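# Descriptive analysis of the structure
The lines below spell out each chain.
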Amino acid sequence: MIEEKELRVLSTLDSAKTRQELTAELAYQETTISDALGGLEERGLITRDRDGTQSVARPSDAQCVEVFQSLTSAHPHVDFPDLLTGSMLNMLYYLGADESATATELTERTGHARATIYRNLRTLTNRAMVTKDRSHYQLRDEFAELHVFAASLQHHLYRMQITRETDGGTIVWESHKEFLVRTETELSEPNYHPTGLDAFAEYGLQFFTTSEWYYFYSDEKESLTPTDLFCHLLLIENDSRHRKYALLLAAETGLSEETLREAARYYGLEEIALSLAEFLFSRGSVESAVTPEWEEFETLAAEYEVAI
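Below is a short write-up of the structure.

Analysis parameters
- All chains use their own residue numbering, which begins from 1 and follows the written sequence.
- Only residues with pLDDT of at least 70 get local features here, since the model is predicted, and only at 80 or more are side-chain atom pairs given and counted; chain-wide, interface and lining totals rely on the full set of residues.
- To get the side-chain values, all heavy atoms of the structure are used, and hydrogens and water are removed first.
- Convention adopted: a line fitted to C-alpha atoms gives each axis, helices being fitted over their contacting stretch, and angles between N-to-C directions are expressed from 0 to 180 degrees.
- Going along the chain from the N terminus, every DSSP run of H or I of four or more residues is numbered as a helix, and every run of E of two or more is numbered as a strand.
- With respect to orientation, any angle under 35 degrees is reported as roughly parallel, any angle over 145 as roughly antiparallel, any angle of 65 to 115 as roughly perpendicular, and every other angle as oblique.
- Each crossing gets its handedness from the near helix: less than a right angle anticlockwise from the far helix is left-handed, clockwise is right-handed.
- Contact criterion: two residues are considered in contact whenever any of their non-hydrogen atoms come within 4.5 Å of each other.
- In this count, Pro and Cys sit with the nonpolar residues alongside Ala, Val, Leu, Ile, Met, Phe, Trp and Tyr, while Asp, Glu, Lys and Arg are called charged and the others, Gly among them, polar.
- In this scheme, a residue with accessible area under 20% of its type's maximum is buried, one over 50% is exposed, and one in between is partly exposed, where area comes from a 1.4 Å probe on protein chains only.
- As used in this structure description, the phrase polar contact means that two N or O atoms lie within 3.5 Å; if the pair is within protein, one of them must be able to donate a hydrogen and the other to accept it, and residues adjacent in sequence are counted only when both atoms belong to side chains.
- Paired strands are those between which DSSP finds at least two bridges.
- In these notes, a set of buried Ala, Val, Leu, Ile, Met, Phe, Trp, Tyr and Cys residues joined through side-chain atoms within 4.5 Å is what counts as a nonpolar core.
- Any carboxyl oxygen of Asp or Glu within 4 Å of a side-chain nitrogen of Lys or Arg constitutes a salt bridge here.

### Some points on the packing of helix H10 (residues 226-236) against helix H12 (residues 257-267)
Two quantities define a packed helix pair, namely the angle between the axes and the distance from one axis to the other. Axis separation between H10 and H12 bottoms out at 10 Å; the angle between their running directions is 45 degrees. When the interaxial angle is binned, H10 and H12 end up oblique. Here H10 and H12 pass one another in a crossing that is right-handed. In this structure, H10 contributes Thr227, Asp228, Phe230, Cys231, His232 and Leu235 to the contact, and H12 contributes Thr259, Leu260, Ala263, Ala264 and Tyr267. Considering only residue class, the contact of H10 with H12 consists of seven nonpolar, three polar and one charged.

Put into structure tokens, the structure is as follows:
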């Protein structure tokens, strides 16, 4: 995650400046400025070129840089580099101005300790950046860009990582610590777990697939569960064919409604995943706009020798 010294340099870099100018303006040691500039350049948040004998740094055109500088310009009294710690940015990824959240929800989504979440919420509330209505918290409209910055920064860092580690790819889904990516090349990088239809083969389900590859990046998971694969397929392609394939996996691996509910909530698929689960467990008695005809699904299950 981005460090305080890097945010402080970025907040000062409203125009092209040399290392010496930044050192004088921030009263940092020159080595500290050099380290911060190196970190910012590696993350694609600044660019550097030569002007005679001096190196000149400029803010990049990344959306997160634009949002951060907008924040610092609109609220010069706020020390954003001090405020935006790693845990604060992770929490702000899920806390916006359009929808409220409880401390419990934020704890579950971020994985941080409840005490950390309460401390961060208290900091924002005391600074009148967040409102509290009973147990629900929400960013004030004038600080809505805090959420935008947290989300756009994480997305930008993912894009930089994908560029470094692959030949290019498209992010299908992301959270503050994991993402699902589509690539045109096979990967063997650490923490990239194969997913999509190709991964169904582990459970005896072989399908004709395209030349594209799908991977789920996580430095916490050692492997993907059938529940993960079920949800990933719906994120990759939510059409009638792929929904039937997801149902086949659920039937073949004996997924429970409770397990699906918990995973679907994390992936933002609760409504569709539960509709499919109710369809499967009721043997077609509970139908919806996203479910196939039961007879059609029975025929497909028989073709793949899946007991339902």
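### Re the side chain of Ser218
Positionally, Ser218 belongs in the loop between strand E10 (213-217) and H10. Ser218 sits in the buried class, given a relative accessible area of 0%. From its side chain, Ser218 meets the backbone nitrogen of Glu220 in a polar contact 3.2 Å long. Within the local environment of Ser218, its side chain forms a polar contact with the backbone nitrogen of Lys221, the two atoms lying 3.1 Å apart. Ser218 has contacts with Glu178, Asn191 and His193, leaving out every residue within four places of it along the chain.

### Quick notes on the pairing of strand E2 (residues 46-51)
Sheet topology places E2 next to strand E3 (residues 54-59); six bridges connect them, and they run antiparallel. Looking across to E3, one finds that Arg50 is bridged to Ser55. Hairpin connection from E2 to E3: two residues lie between these consecutive antiparallel strands, with Gly52 at a positive phi of about 70 degrees.

### Side note on the nonpolar core
It is characteristic of soluble globular proteins that their nonpolar side chains tend to be buried jointly. If you look at the biggest cluster of nonpolar residues, it comprises 48 residues, and the most contacted ones within it are Leu84, Leu95, Leu124, Leu146 and Phe149. Looking at this core, the element that brings in the most residues is helix H6 (residues 86-94), giving six residues. Among residues more than four places away in sequence, those in contact with Leu95 are Ala101, Leu106, Leu121, Leu124, Val130, Tyr137, Gln138, Leu139 and His147. Membership of the second largest hydrophobic core comes to 41 residues, among which are Leu235, Leu260, Ala273 and Leu300.

### Description of the pattern of salt bridges
All chains considered together, the criterion is met by 18 salt bridges. The partner of Glu6 in a salt bridge is Arg43, and the shortest N-O contact between them spans 3.0 Å. Here Glu6 is found in helix H1 (residues 4-12), whereas its partner Arg43 is found in the loop between helix H3 (30-42) and E2, with 37 residues between them in sequence. Arg283 is paired through a salt bridge with Glu298; the nearest N and O atoms lie 3.9 Å apart.

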